[in-house]
Amino acid sequence: MKKITMVLAGLLLGTLSVLAQSVVKGKVTDPDGAPLSGVTVKVVGSSAGTSTDKDGAFSISVPNLNASLEVSFVGYESQTLRAGSNLSVIALKQSANALQEVVVTSMGIRREKKQLVYAVSEVKAEQLQQRAEPDVLRALAGKVPGVDITSGGGAPGQSTKVNLRGNTSFSAVNQPLIVVDGIPFDNSVNNSVGFDQATTFSNRLYDVDPNNIESMTVLKGISASALYGQRAANGAILITTKSGAKTRKGMEVTYSVSYNAEQIASLPEYQNAYGQGSNQNYNGAFIGNWGAPFADQANKVNTASGGLLKYPIITQVPTQLKIRFPGLFPDLPDQIDYKAYDILNAFFQTGNMLENSLNINAGDGKNNINVTASHMGNTGILPNSNTGRTSLSVGGNSQLANGLRVSGNINYVNTTQQNPKSGASLFNDYGGGTGGSIFDRLYYFPRSFPLGQMPFEDPNTGGNIFYRATDNPLWTAKYNLFSSNVNRVFGNFNVAYSLTDFLDASFRGGFNTYTDFQKQITRPGGISGGGIGNVWESTTRNSEKNFQFLLTTKSIDLMKNLDLNVIAGAEANERSYYNQYAYGVGFIVPDIYKLTNTSQQAIYSDYDRKQRILGAFGRVNLSYNNYLFLELSGRNDWASTLPVDNRSYFYPSAGLSFIFTDALKIGGNILSYGKLRFNAAQTKRDVPAYQLQTTYNVISPSYLTPAGSTVYSASLSDALKNSGLRPEGVEEFEVGSELNFFNGRVKLDLTFYQKTSKDNFVTKRIPVTSGFSTLAINAGSIQNIGYEAGVDVTLLKTKGGLTWNVFAAFNRIRSKVIRTDDQDADILTGNGAFVSNVQRVGQPFGMLFGLASARDEEGNRLIWPGMGGNGGKHIYQDVDDIFGDPNLDFKLGVTNTIAYKNFNFSALLDWWQGGDMYSITAASLLLRGQLINSADREGVFVIPGVYGDPDTKKALLDDKGKKIKNTTSISAFDYYFSDGFGAYGPEDTNLYDRTTFRLREVNLGYTIPKKFLTKTPFGSINVSLSGRNLWFLAPNMLEGLNLDPEVLSDVSTSNIQGIDLGAAPSTKRYGVNVKFTF
Amino acid sequence: MKLTTTHIKGWVGGLSLAVLISFSSCEKKNNLFDLDINVDPNNPTQGSVRLLLPEAERNLVGFLAGLRNTQMGMLGQISSSDSYGFGANSFYGSWSNFYTSSGKDIDEIIKAATAAGNKPFLGVAQALKAYGFSCMVDLFGTVPFAEAFAGNAETQNINPKFQAGKDIYDACYKLLDDAIANLTAASPVSIGSADILYAGDKTKWVRFANSVKLRMLITSRRVNTSAASQIQAALNPTGGLINGTSTDFTFNYGRQISPELRHPWYTSAYLASQDFNYIEVDFMFRMLLSKDPRWPFYFRRQNTRILDQNNATDRGATPVQGAYLVLEPSAWQQGIAAGVLARTKADTQYLAGFFGRYRGDQSGVPQDQDYRTAPGVYPAAGLYDDRSKAPTLLRSPVNQGRGDGIFPMLTSWMIKFWQAESELAYNFGTPRATAEAAVREHINYVANFGLSRDPNSKAPTALEITTYVNKFLADYDAAPTNEAKMNRVLFQAWIAGWGNGFEMYNALRRTGYPSNLRAPITLYSQFALRLPIPATEGALNPSAPSPLPVYFTEPVFWDVVKFKF
């Protein structure tokens, strides 16, 4: 757009002085024949020029027919033609040079990438589709520098977290704004219940089918997303769907189908030497494996050391079942062999995923229509776990005879999800919860308990059967199901009109609304649900309306070599949210899981929220000589959630980019292109709704007296609100450089930024003796310093058609908490586990916080001196404190792409370096003596450390003043179970470095040569094999644990990090994809 | 401020407004440009005393109920807190519950009722406040009082000062006097159903206020030089004391499951997860030996099976040596000597149902939920235990019993025990008769309650009751001094304290009686002379004492005994 020289602009500047001698006419199109408007047509060697109209037509005066015309347009290769030649169709070729790359930026404005003053990454549809991954965000992982994606586990549809440039808030969601076809797209997680009940909630970006995406742009910094304003304070991801994209002339039908198998990614390596019990004694009622050895082990030890280990021949589990459920299982054998059984492989199943997508695209150059229909079905590795997504979208655009350009699309998606309760195991094991997750027990059975061979339900009542007061995972998987059904509709329309030759006006309006109906059943007859069962139903409605008015100028030549572009606009946005949560207990008739079939019901939530933002914004771009670019922008918002006096706020941004290779004319074969970018930007944002006035809570459900009368009551909330709240602020400074070497064989894109949030809204903890437990204030501040690098190297490019490209995406963030609240007190966040995250001034974001072992100044663990009692065991710290840093050192994704003729191979390897994780899975497996590392337990064990004074927490010194190494031995049971490295030990014993190497994605494709298709209806056929998460290595985790460290500590919208709470494990997928075009 | 064209200057705003006007509406809710929509539509900004009172009452009960088990554990009745291993924040939940829920709402009622001249509500709230804060002082020693609840005050104070227990007691006496004055004043306002404890009966509230005053005088009598005369006066106040079940200050739990209104003991012991505390074996066994008629109401056996000591699994589930009575020779000897056990199969099965723990037994928890003795019909409204029948497992079929238990907070029989104690302490009245009346009243109280809740309950015969009472009286008569007699009376108060906790914790700290309780096997600290003030309060509130008092060395202001094992 910038290069366009307008006739009108020329007139204004008085430069059009040549008298017409003859006039030639012509038309410019793209390679598909669609007209291109705004194309610059210049007479070479003169200042005369024009640009094409909306039909691609132009007319220009030329001195004579031999004059040369230069036809140029952003993103296309320029052409020079003789004025007298046939100009009726000038088809411009799209530019192969990446320097001319055009990207979608804020507000959907397409701009030449070289002009941008900030970092922007574009992702092509092909990078996301047919990658054995139905979740857009997971498909994006590792592919874009500066985009940090963490998936939450392997249950179908389980949420995925995305973050750009670190956290700016302690409590709010730190995820980018998602914009689909110009309208904000809610990416919430509607988690009706906590992490202890079910972890399988989706984030709502899951409603977008990767097959329906045309392109995706990531605006990482707040300078890039400045026009979007406050809601893009954590960056923005812009998605253009196929039906929202401009279509090409002609008709194309694309049909693609994928089938994938899905399996558990990894299983712990169990020991097969010892079974149920404690202290090497058998006990058939226990969970832990500290009991008697199995026969093989006993014989081995006895042979080796002449010991006299005894072992039982049979397990008493069936007997325990018969005692607990007398008379129910007459056919169950009294005795089964006391040995290790394969439990997990009998439980997990192989899932699958089937995707079908049909896209029809038709157009005549002026009018286009695009229809997409797709379906995805995914069954998971747990019984009864699945998701489904059906989407239908229709979009079109048209140029009307009166000059109006109209486009719009509408999309419908139905997303379903079902999972048995598979929440965090920690809570039931140690938290006294009654969530009843499959993972409360599944990984931690006695080795001698043959899960698959034992009954799990009462043959008469269908009730739960287990040898302890716990739900059997098989029973839970069969009956206790969570489900979600989302119906989502979103669409937009866009009307544009050229008010004058240099001024365009456009209006875009759209909506995005969904209803998420969730239900969870706890069948009667189990332990969770108190035996009588319960059901809850939750209905969430989320709606967003957004209207935008934009005025854009075409390039205005202010003077020679200096062009000006101006955008001004206004926006109105409204979000509304509604949730109702109803709960019923005690089923009246069996097997009908409806609220109306329960003996008592209560409504726990009936909640409405509405907030609005109005904005006015403007941007000015100046371009000097096509190598120096200045951008200034500003936006003022008016937000409904702030007090009237603080409701209006303005924030600016400024940026500069400089293509020094052009300016200094130093571009050569070695350094072919070099650009520097600088920008500084500010965003302010509103606070959550309804934070200004302390309210009373009406107690619902009402209290029923024993006599049966209802008593209505209310209580003053313990959250003290604040009528003086101000907008939060985020400031960012960014420097970057794009460098191309060897004519584009090596490309570097480097960015450094510093981003600081200030005046964060925090609910500060206050002494409860004030009558209130929290107070809303503006105080928090977090700083993030980051480095992003994209390295693109074409290693090989042979004449024979072999190319090998390596693309590396690097991301490193250093965060620091600058302020917490007005007294800089620690802020604790957590989900009820005994390990929390703490926000402490001077420390990185969200450090791990818990009761750790006392250590000396060198970091040695302090150990109680002496034998017996506490001797040889950990000395604990007095109070909870920081014991680990969960923040990764860096993430690096490396994509190798090898293409040869019709073959295409790509492999994405990624590397997560550093970051601590507290693992409940490890703690629980150790605690119960399950892992291979505890197979040897006849010897004695010594905790590494030095003797310490339990009172002073200092190391003891010998008579030479030296520390004394701990040599007190303890039993394997004590070492792992009571007070050692298992769950009952100090928190830091289960802290692991989560460095991971992973083969995240592999794809091998083959395009059938066209010559084989000439007699078929197909235009092209592409066949590919794809695999996901096929291999990982976490070298610093516990031996034999085999836990995938890529887990979330809660749903993706939570800021809790670095805690594995033992929920659904990750999966791997592999399959085949076929894509036809007609 | 509404956004109007004056705020968006120039043609940009004008034009956009023109286009958008069709999407706005006159109606506020739908007018996209109306920003005055930040009033929470879900919650009211005004509270009424009628709505606040029932919630304040429920939350006050909830606060007290939350601490009940701790005190019963500390005094050797259930396995809760029975080794005194308190963390710095063990009671933050209760502390926070009092200050942010009931305490604050009571204070809101006082503010609103004072402003409106609403004397009945004011009187009720003042009486509740005095009762709540006297309990807080008894538990925590020094707490914020005058400056508390000022987070939303005109002059905001989020860091209230702590006050000495004695000062708070004095302020509470004053509150009680004001309460009685307000409750006896004529007023057009009636409380009615907003009061879930006394159904708005002002005369009962006056009795309650008088009884709270007596309770405070008794509790602090050892540091009050004029206690004798003040207590004697308080025993005959104008308006009377709580004097029977119709005026008892109790909370009745319900049968409702959702939201849960059943007694917490019931939901923990009778539902599938069965995670109720262990009942102290010694407590159960003493009641068996003394043929206490309340045994079948207090406890419910589950099992008659004797754990097989040759089976590893059963052996792992057996309580520590001595505590598994059915296999304990000395238990049999004592039982036979007392004439309550014979070496019969039936009695063996009966004794096998006594499955609990010794005080302070901190060993791990095996799979024994099907064996543990559960709380019975009183006060949990579970099941009556008929010795003549073999018990059934409580988890199957589910939902035996109903859970509509009771929380006796301040009752007529408690007053009789206090009266007996003060008559012995200050040599007036007829302490022997008062004590007998207290014991008889409590036995009847328990039996009547049981009969009203479990239809299978059997009332103890008059002979059974008299036999029991006479044995107590003989013991009482044999005691050589008034102090020794008081020890016997307070042992009976200890037995009666099942399901209350507060009064026996206060009594032991006040008198050192009953002096014959079994000491815990394990002690994490010395006996708790108070509960630890939460460390979180200490950390957040600069006005909190620093360092915070040590709970096992620093007594509350009225404690001169400073009990120690």
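Bear in mind that the values here come from a model prediction, so they are computed numbers and not experimental data.

### Observations concerning the overall build of chain A
For chain A, the count of helices and strands is 9 helices and 58 strands. Taken over the C-alpha trace, chain A has a radius of gyration of 33 Å; the compact-globule value for 1078 residues is 31 Å, and the two agree within 12%. Projected onto the principal axes, the alpha-carbon positions of chain A cover approximately 115 × 75 × 75 Å. Each of the 1078 residues in chain A was classed as buried or not, and the buried ones make up 61%. In chain A, the share of contacts with a sequence separation of at least 24, taken over all contacts with a separation of at least 6, comes to 69%. Counting every atom, chain A has about 39,300 Å² of accessible surface; 55% of that belongs to carbon and sulfur. With 97 positive and 92 negative side-chain charges, chain A shows a spacing of 7 Å between the two charge centroids.

### Considerations on the overall build of chain B
Helix and strand counts for chain B stand at 19 helices and 6 strands. With the C-alpha coordinates of chain B rotated into their principal frame, the extents come out at 100 × 60 × 45 Å. Sequence separation of at least 24 residues holds for 75% of the intrachain contacts in chain B that already meet a minimum separation of 6. Surface summary for chain B: the accessible area is close to 20,400 Å², and the carbon and sulfur share equals 53%.

### Here we look at a nonpolar patch on the surface
Residues and elements named next belong to chain A. A cluster of nonpolar side chains, namely Tyr259, Leu354, Leu795, Leu796, Trp804, Ile898, Tyr900, Phe903, Phe905, Leu1004, Leu1025 and Val1072, defines an oily patch on the protein surface of about 990 Å² accessible area. Broken down by secondary-structure element, the contributors of at least two residues to the nonpolar patch are strand E42 (774-797), strand E49 (890-900) and strand E50 (903-913). Tracing the backbone through its elements, the reader meets Leu1004 in strand E55 (residues 996-1007).

### Focus: the sheet that holds strand E16 (residues 236-241) of chain A
Residue and element names in this part refer to chain A. Reading across the sheet, the 5 strands line up as E10-E15-E16-E13-E14 and stay open at both edges, with mixed pairing between neighbours. Either end of the sheet is taken by a strand with one partner, and the two such strands are strand E10 (120-124) and strand E14 (183-184). Where strand E13 (residues 177-180) and E14 come together, 2 bridges link them in antiparallel fashion. Residue pairing for E14: Val180 is matched across the bridge by Ile183.

### Regarding the domain arrangement of chain B
One widely used convention gives an interface's size as the accessible area the parts lose upon coming together. Residues and elements named next belong to chain B. Taken domain by domain, chain B comprises domain 1 (46-226 + 529-565) and domain 2 (277-376 + 385-396). The C-alpha-based centres of domain 1 and domain 2 are spaced at 38 Å. Contacts between the two partners involve 13 residues from domain 1, matched on the other side by 10 residues from domain 2. Surface buried jointly by domain 1 and domain 2 totals about 850 Å² across both partners, of which 43% is contributed by carbon and sulfur atoms.

### Let's talk about helix H4 (residues 119-140) of chain B
Residues and elements named next belong to chain B. The terminal C-alpha atoms of H4 lie 31 Å apart, and with 22 residues this matches the ideal 32 Å at 1.5 Å per residue to within 8%. Most of H4 is tucked away, with 21 of its 22 residues classed as buried. Measuring from the side-chain oxygen of the N-cap residue of H4 to the backbone nitrogen of Phe121 gives 3.4 Å; that N-cap residue is Asn118. Phi turns positive, to about 85 degrees, at Gly141, one or two residues after H4.

### Focus: the packing of helix H2 (residues 49-74) of chain B against helix H18 (residues 502-511) of chain B
Residues and elements named next belong to chain B. Between H2 and H18, whose axes approach to 8 Å, the crossing angle comes to 45 degrees. The orientation of H2 relative to H18 falls into the category oblique. Here the hand of the crossing between H2 and H18 comes out left-handed. Residues Leu64, Leu67, Arg68, Gln71, Met72 and Met74 of H2 touch H18, and the partners they reach there are Phe502, Met504 and Tyr505. Partitioning the contact of H2 with H18 into residue classes produces 7 nonpolar, 1 polar and 1 charged.

### Notes on empty space enclosed by the protein
All names here are of chain A. Taken as a whole and judged by the stated rule, the model has 15 cavities of 30 Å³ or more. Elements represented by at least two residues in the lining of the largest cavity include exactly strand E11 (147-151), strand E12 (160-164), strand E43 (802-819) and E49. In terms of residue count, E43 provides more of the lining of the largest cavity than any other element does, 5 residues in total. Here the lining of the largest cavity is composed, by residue class, of 11 nonpolar, 12 polar and 6 charged. The space that makes up the second largest cavity amounts to roughly 260 Å³.

### Topic: the interface of chain B and chain A
Across the boundary between the two partners, chain B contributes 89 residues, which contact 85 residues of chain A. Buried area between chain B and chain A, summed over both chains or domains, comes out near 7,200 Å², and the portion from carbon and sulfur atoms is 64%. Of all residues in chain B, Leu32(B), Asn38(B) and Gln367(B) bury the most surface against chain A, accounting for 10% of the area lost on that side. Viewed at the interface, chain A and chain B are joined by 1 salt bridge. For the pair chain B and chain A, the interface holds 24 residue pairs in polar contact (both at pLDDT 80 or more). Secondary-structure elements contributing two or more residues to the side of chain B that touches chain A are helix H1 (10-20), H2, helix H3 (92-116), strand E3 (249-252), helix H11 (312-316) and helix H19 (535-540) of chain B. Here the side of chain B that touches chain A takes 8 residues from H3(B), the largest share from any one element.

### Looking at the sheet that holds strand E52 (residues 946-949) of chain A
Residues and elements named next belong to chain A. Spatial ordering of the open sheet is given by E47-E52-E53, a layout of 3 strands whose pairing is mixed. Of all strands in the sheet, those bounded by a partner on one side alone are strand E47 (862-863) and strand E53 (954-955). In terms of strand pairing, E52 meets E53 through 2 bridges, oriented antiparallel. Note that in E53 the partner of Asp949 across the bridge is Lys954.

### With respect to the side chain of Lys764(A)
Topologically, Lys764(A) is positioned in strand E41 (residues 746-765). For Lys764(A), a relative accessible area of 4% puts it in the buried group. Within polar-contact distance, the side chain of Lys764(A) engages the side chain of Gln823(A) at 3.1 Å. Setting aside its immediate chain neighbours within four residues, Lys764(A) contacts Ser773(A), Thr774(A), Leu775(A), Ile777(A), Asp821(A), Asp822(A), Gln823(A) and Ile158(B).

### Some words on the pattern of salt bridges
Residue and element names in this part refer to chain A. Evaluation of the coordinates by the stated rule reveals 78 salt bridges over all chains. A salt bridge links Lys891 to Asp148, with the shortest nitrogen-to-oxygen separation between them at 2.3 Å. With Lys891 in strand E49 and Asp148 in strand E11, this residue pair connects regions lying 743 residues apart in the sequence. By sharing partners, the salt bridges in this structure join Arg131, Glu133, Lys143, Glu262, Glu1001, Arg1028 and Arg1069 into a single network.

### Observations concerning the pairing of strand E22 (residues 351-363) of chain A
Residue and element names in this part refer to chain A. In E22, alternate side chains face the same way, and those of Gly351, Met353, Glu355, Ser357, Asn359, Asn361 and Gly363 are buried while those of Asn352, Leu354, Asn356, Leu358, Ile360 and Ala362 on the opposite face are not. Pairing geometry for strand E17 (residues 250-264) and E22, over 13 bridges, is antiparallel. Bridge pairing in E22 links Tyr255 to Leu358. Hairpin geometry of E22 and strand E23 (residues 367-379) is characterised by an intervening segment of 3 residues between the two adjacent antiparallel strands and by a positive phi of about 100 degrees at Gly365.

### What to know about the environment of Ala139(A)
Residues and elements named next belong to chain A. In this structure, Ala139 sits in helix H2 (residues 136-140). Taking C-alpha positions, Ala139 is 9.3 Å from Arg1028, a pair spaced 889 residues apart along the chain. Setting aside anything within four residues of it in sequence, one finds Ala139 in contact with Gln127, Leu128, Glu133, Glu1001 and Arg1028.

### As for the state of the cysteines
Residues and elements named next belong to chain B. Scanning the model with the defined rule gives 0 disulfides over all chains in all. Cys172 supplies the cysteine sulfur nearest to Cys135, a cysteine that is in no disulfide, at a spacing of 9.6 Å. The buried category is assigned to Cys135, whose relative accessible area is 2%.

Conventions used here
Residues numbered from 1 in each chain as written. Chains lettered and ligands numbered in written order. Predicted model: local features only at pLDDT ≥ 70, side-chain atom pairs only at ≥ 80, totals over all residues. Heavy atoms only, no water. Helix = DSSP H or I, 4+ residues; strand = E, 2+ residues; numbered from the N terminus. Rg over C-alpha atoms; globule rule 2.2 N^0.38 Å. Buried < 20%, exposed > 50% of the residue type's maximum accessible area, 1.4 Å probe, protein only. Contact = heavy atoms within 4.5 Å. Areas by Shrake-Rupley, 256 points an atom, 1.4 Å probe, with all protein chains shown as cover. Lys, Arg positive; Asp, Glu negative; His and termini not counted. Charge placed at Lys NZ, Arg CZ, Asp CG, Glu CD. Patch = residues over 30% accessible without salt bridge, like charges linked within 9 Å, V, L, I, M, F, W, Y side chains within 5 Å. Salt bridge = Lys/Arg side-chain N within 4 Å of Asp/Glu carboxyl O. Pairing = 2+ DSSP bridges. Domains from an automatic or database assignment. Buried area = accessible area lost by both parts, 1.4 Å probe. Expected span 1.5 Å × (residues − 1). Polar contact = N/O pair within 3.5 Å; in protein donor to acceptor, adjacent residues only side chain to side chain. Axes fitted to C-alpha atoms, helices over the stretch in contact; angles between N-to-C directions. Parallel < 35°, antiparallel > 145°, perpendicular 65-115°, else oblique. Left-handed = near helix turned anticlockwise from the far one by under 90°. Nonpolar A, V, L, I, M, F, W, Y, C, P; charged D, E, K, R; others polar. 1 Å grid on protein atoms, 1.4 Å probe; cavity = no way out; pocket = protein on both sides within 12 Å on 5 of 7 lines; lining within 4 Å. Points joined across faces, edges and corners; volume = space filled by probe spheres on them. Disulfide = S-S within 2.5 Å.

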